[in-house]
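Architecture and fold: a report
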Amino acid sequence: MSEERWIWGVGLASVAEEGTVLDTWFASPEAGRIPLGYDASRPPEDLEQLAVADARRAVAVEVVTVEVNLDAPPASTSDAYLRLHALSHRLCVPNSINLDGIFGHLPNVAWTNAGPIHPDDITRLRPFLQRDGIQVQGLDKFPRLLDYVTPPGVRIADASRVRLGAYLSPGTTVMHEGFVNFNAGTLGSSMVEGRISQGVVVGDGSDIGGGASIMGTLSGGGAHKVSIGARTLLGANAGVGISLGDDCVVEAGLYVTAGSKIVLADESSHADGSRPVVKGAELSGRDGILFRRNSLTGAIEAVRRAGVGVTLNEALHA
């Protein structure tokens, strides 16, 4: 196994009173194996000082040292969290590491503005939490990205809309209604006002319009990993279940799936005057296509387009 297929890190694990590891935060995960001679029994002093129990949340905080083989499936909660950190720290791109069975290692957690709490403890602790101004912000397996990692060169308008494990390249802007799931993200400067589902990657200079949706493997897309090319526009309230190549446009409000019947509007007509029709899957990943709805017939049409696609506002994404 080559060195770059391993990551390791020293972190702080929150542990509930009954023993469940709720989360693990890694300050600076690194590629490779644990260095020879590293003494895990003597953790960095700054982390050791932070390993203090929080009676308000009924959790202990422990220093942990974790090493992960990226080609093997996750083996523990801390292992799973290190993989999510590796994605959000841009050590690994989406779909490049083994995440098989990750849900089984991520407990459902009550996320608060003071840190994670075991859901079974919320009712008992609620009066004390309210007294101390601690609010429950969600009940989920995945936490917010910004509670663990601050990606350089990125704007995120609403922290609750981006999960830990999202991969966001410099120049990316995620607006208030944008959403980015784990093991998904942007490979360059992008505007995100719609939904980027698990496993989906968006190319440099592309724009995911307001309310737009990209089908992922967790939302009915099967095993196909949808990707969006460079300089491509997914119009407002549009959606795709196929990949888009570079310099493509999907008209606002149009949803194109693998099974959609699409008229090739540029092709020569048949003897009866009709144009060729193909399924959306046959156009998956092709460059330079405009997908539109014929306003007279209602048919989905594909039209070849020349030149580059959308151009983002450079000042906005600097």
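Whatever comes next refers back to the structure up there.
Thresholds applied
Residues numbered from 1 in each chain as written. Predicted model: local features only at pLDDT ≥ 70, side-chain atom pairs only at ≥ 80, totals over all residues. Heavy atoms only, no water. Pairing = 2+ DSSP bridges. Helix = DSSP H or I, 4+ residues; strand = E, 2+ residues; numbered from the N terminus. 1 Å grid on protein atoms, 1.4 Å probe; cavity = no way out; pocket = protein on both sides within 12 Å on 5 of 7 lines; lining within 4 Å. Points joined across faces, edges and corners; volume = space filled by probe spheres on them. Nonpolar A, V, L, I, M, F, W, Y, C, P; charged D, E, K, R; others polar. Buried < 20%, exposed > 50% of the residue type's maximum accessible area, 1.4 Å probe, protein only. Arc of directions from axis to C-beta. Contact = heavy atoms within 4.5 Å. Salt bridge = Lys/Arg side-chain N within 4 Å of Asp/Glu carboxyl O.

This part is about the sheet that holds strand β22 (residues 255-256). Read from one edge to the other, the open sheet built from five strands follows the order β11-β14-β17-β20-β22, with strand pairing classed as parallel. Two strands bound the open sheet, and with one partner strand each, they are β11 (179-180) and β22. When strand β14 (residues 195-196) meets strand β17 (residues 213-214), the two strands line up parallel, connected through two bridges. Looking at the pairing, arginine 195 lines up with serine 213 of β17.

Reading across from one edge, β9-β12-β15-β18 is the order of the four strands in this open sheet, with parallel pairing throughout. Every other strand in the sheet has two partners, leaving β9 (166-167) and β18 (227-228) as the edge strands with one partner each. The pairing of strand β15 (residues 201-202) with β18 spans two bridges and is classified as parallel. Across the sheet, the residue bridging to valine 202 is isoleucine 228, located in β18.

Here we take up the layout of surface pockets. Empty space within the largest pocket amounts to approximately 340 Å³. If you go around the largest pocket, you meet 17 residues; those closest to its centre are Asp23, Gly115, Pro116, Asp147 and Tyr148. Broken down by secondary-structure element, the contributors of at least two residues to the lining of the largest pocket are β1 (6-16), β2 (21-26), β5 (109-112) and β6 (115-117). Split by residue class, the lining of the largest pocket holds eight nonpolar, five polar and four charged. Quantified by volume, the second largest pocket comes out at close to 200 Å³. Taken together, 13 residues make up the lining of the second largest pocket; nearest its centre are Trp111, Phe142, Pro143, Arg144 and Ser160. Broken down by element, the lining of the second largest pocket gets its largest block of residues, four residues, from strand β7 (residues 136-140). Residues belonging to the lining of the second largest pocket are distributed by class as follows: six nonpolar, three polar and four charged.

Moving on, we come to helix α3 (residues 122-131). Within α3 the residues assigned to the buried category are Ile122, Leu125 and Leu129. What you see down the axis of α3 is that its buried residues fit within an arc of 75°, all on one side. Looking at α3, the residues exposed on the side facing more than 90 degrees away from the buried face are Thr123, Gln130 and Arg131.

Right, let's get into the environment of alanine 13. Turning to its location among the elements, alanine 13 is positioned in strand β1. Given the relative accessible area of 2%, alanine 13 is considered buried. When the C-alpha atoms of alanine 13 and valine 59 are compared, they prove to be 9.6 Å apart, with 46 residues separating the residues in sequence. Among residues more than four places away in sequence, those in contact with alanine 13 are Val21, Asp23, Thr24, Ala60, Val61, Glu62, Val64 and Ser78.

The next point concerns the pattern of salt bridges. Applying the stated criterion across every chain, the model contains 13 salt bridges. The closest approach of N and O atoms between aspartate 71 and arginine 5, which form a salt bridge, is 2.9 Å. Linking aspartate 71 in the loop between β4 (59-69) and α2 (77-88) with arginine 5 in the segment before β1, this pair joins segments that are 66 residues apart in sequence. We note a salt bridge from arginine 83 to aspartate 79, for which the minimum N-O separation is 2.5 Å. Taken together, the positions of arginine 83 and aspartate 79, both in helix α2 and four residues apart, correspond to about one turn of that helix. Among the charged side chains, a salt-bridge network with shared partners connects Glu17, Asp121 and Arg124.

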